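Breakdown of the fold
The chain contents come next:
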Amino acid sequence: MSDIKLFHVGGAEVTELPGSAIQVEKSLQVLFETNLEALLGIRFVATEHSTGPVHGGRIDTLGLDEDNSPVIIEYKRSVNENVINQGLFYLDWLLDHRREFQWIVMERLGQEAANAVDWSAPRLLCIAGDFTRYDEHAVKQIARNIELIRYRRFGDALLMMELVHAPKTAKLALTKTVTETKAGGQPEQTTELDQENDPYLSQRMSYRLSQSSSELRDIYDAVYQFLVGLGDDVQVKELKLYTAFKRLKNFVCAEIYPQSRTVTLFLKLDPDQVDLENGFTRDVRNVGHFGTGDLQVTLRTMADFEKAQPLLRRAYEGG
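The present account deals with the structure reproduced in this document. (Residues numbered from 1 in each chain as written. Predicted model: local features only at pLDDT ≥ 70, side-chain atom pairs only at ≥ 80, totals over all residues. Heavy atoms only, no water.)

1. Quick look at helix α5 (residues 98-109)
This is how it is decided: Comment: elements are numbered from the N terminus, with helices defined as DSSP H or I runs of at least four residues and strands as E runs of at least two. To estimate the expected span of a helix, count its residues, drop one, and scale the result by 1.5 Å. Under the scheme applied here, a residue whose accessible area is under 20% of the maximum for its type counts as buried, over 50% as exposed, and between as partly exposed, the area being computed with a 1.4 Å probe on protein chains only. Summarising the geometry, the arc corresponds to the directions from the helix axis toward the C-beta atoms.
For α5, which comprises 12 residues, the first-to-last C-alpha distance of 16 Å matches the rise-based estimate of 16 Å (1.5 Å per residue) to within 8%. Residues of α5 that are buried include every one of Arg98, Phe101, Ile104 and Val105, and no others. In a view along the axis of α5, the buried residues occupy a sector of 125°, so they form one face of it. Away from its buried face, by an angle of more than 90 degrees, α5 presents the exposed residues Arg99, Trp103 and Glu107. Phi turns positive, to about 105°, at Gly110, one or two residues after α5.

Dropping the structure here:
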């Protein structure tokens, strides 16, 4: 059980606020779906989506996160409910019905959002008032991108969320053949492009990392280890075009460019709260770029990395 307690401090008197988990069937789901972007950085796509007569299920919430990764959210409404297995069942369904998901995204968020869907790291979020030790043990044995989030309500105005479990590295290998379903129920085979036939190969992080000098890789690796070491709650999400470092939401996105010999970081910090330095930090609120974050930090040397560390800590603390 959660041991988090919240107290109201009023002068010399301290009063504990009793925490509770919502028991009403739909109220928790409605609360999250109405505020998905503010709470989790996820855009709402659909609720109670049917997986069809063959699968016979309903996905509680479908969403698209800030990295354009598909998200399934399942709400555990009782201690004995096996929401993790149910979510894994839906995650497999999602990977087999990519076009259906993108169609739903297009109808809800538009064609641009549908075209941008990134299938490299789809997520399963399980939200509950509490989890058993068996739940927490089970997800550690499963090599899938599963996050457990515990919530508590304190009075009418306060909501607490605690990240109970998240994979340290979220990455899905998409080299296998994936079966989708055409209209009429006929299966269609689709495969990922071979690297040698990929017109966007030079943009992919894996390729840029392979082409970088050992000195540039050292800078990138130093950033990686520093960010992971900031806390046990840091997750690494390896996407096609950048690497995202996140807690509940992204706080840093990293790219590497072998030709310009730079490691480029985008931080979730307000550029107005930073003393910008030409060639090192830049306000990119109105500049298109991959990933999330309004402050760009460019690293060319280990000295730049050391100078950037206070900014990275600030981004983490605000994440």
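After that view of the structure, there is still more to cover.
2. Describing the packing of helix α9 (residues 214-228) against helix α10 (residues 302-318)
Counted only if it meets this: What counts as an axis is a line fitted to C-alpha atoms, over the stretch in contact for a helix, and the angles between N-to-C directions run from 0 to 180 degrees. Note on terminology: angles under 35 degrees are roughly parallel, angles over 145 are roughly antiparallel, angles of 65 to 115 are roughly perpendicular, and the others are oblique. For any pair of crossing helices, the crossing counts as left-handed if the nearer helix is rotated counterclockwise from the farther one by less than a right angle, and right-handed if it is rotated clockwise. Any two residues whose heavy atoms approach within 4.5 Å at even a single point are treated as in contact. Polarity classes work like this: nonpolar for Ala, Val, Leu, Ile, Met, Phe, Trp, Tyr, Cys and Pro, charged for Asp, Glu, Lys and Arg, and polar for all others, with Gly in that last group.
Running from amino to carboxyl end, α9 crosses α10 at an angle of 25°, the nearest separation of the two axes being 11 Å. The orientation of α9 with respect to α10, classified from their angle, is roughly parallel. Crossing geometry of α9 relative to α10 is assigned as right-handed. Taken together, the residues of α10 that come into contact with α9 (itself represented by Asp218, Ile219, Ala222, Val223, Phe226 and Leu227) are Met302, Phe305, Gln309, Leu312 and Arg313. By residue class, the composition of the contact of α9 with α10 is eight nonpolar, one polar and two charged.

3. Side note on the pattern of salt bridges
Note the threshold: Salt-bridge detection follows one rule: a side-chain nitrogen of Lys or Arg within 4 Å of a carboxyl oxygen of Asp or Glu.
Under the defined criterion, the tally for this structure stands at 18 salt bridges. Notably, a salt bridge pairs Asp270 with Arg285, separated by 3.4 Å at the nearest N-O pair. In this pair, Asp270 sits in the loop between β16 (262-267) and β17 (281-283) while Arg285 sits in the loop between β17 and β18 (295-299), placing the two residues 15 residues apart along the sequence. Residue Arg285 is classed as partly exposed on the basis of its relative accessible area of 36%.

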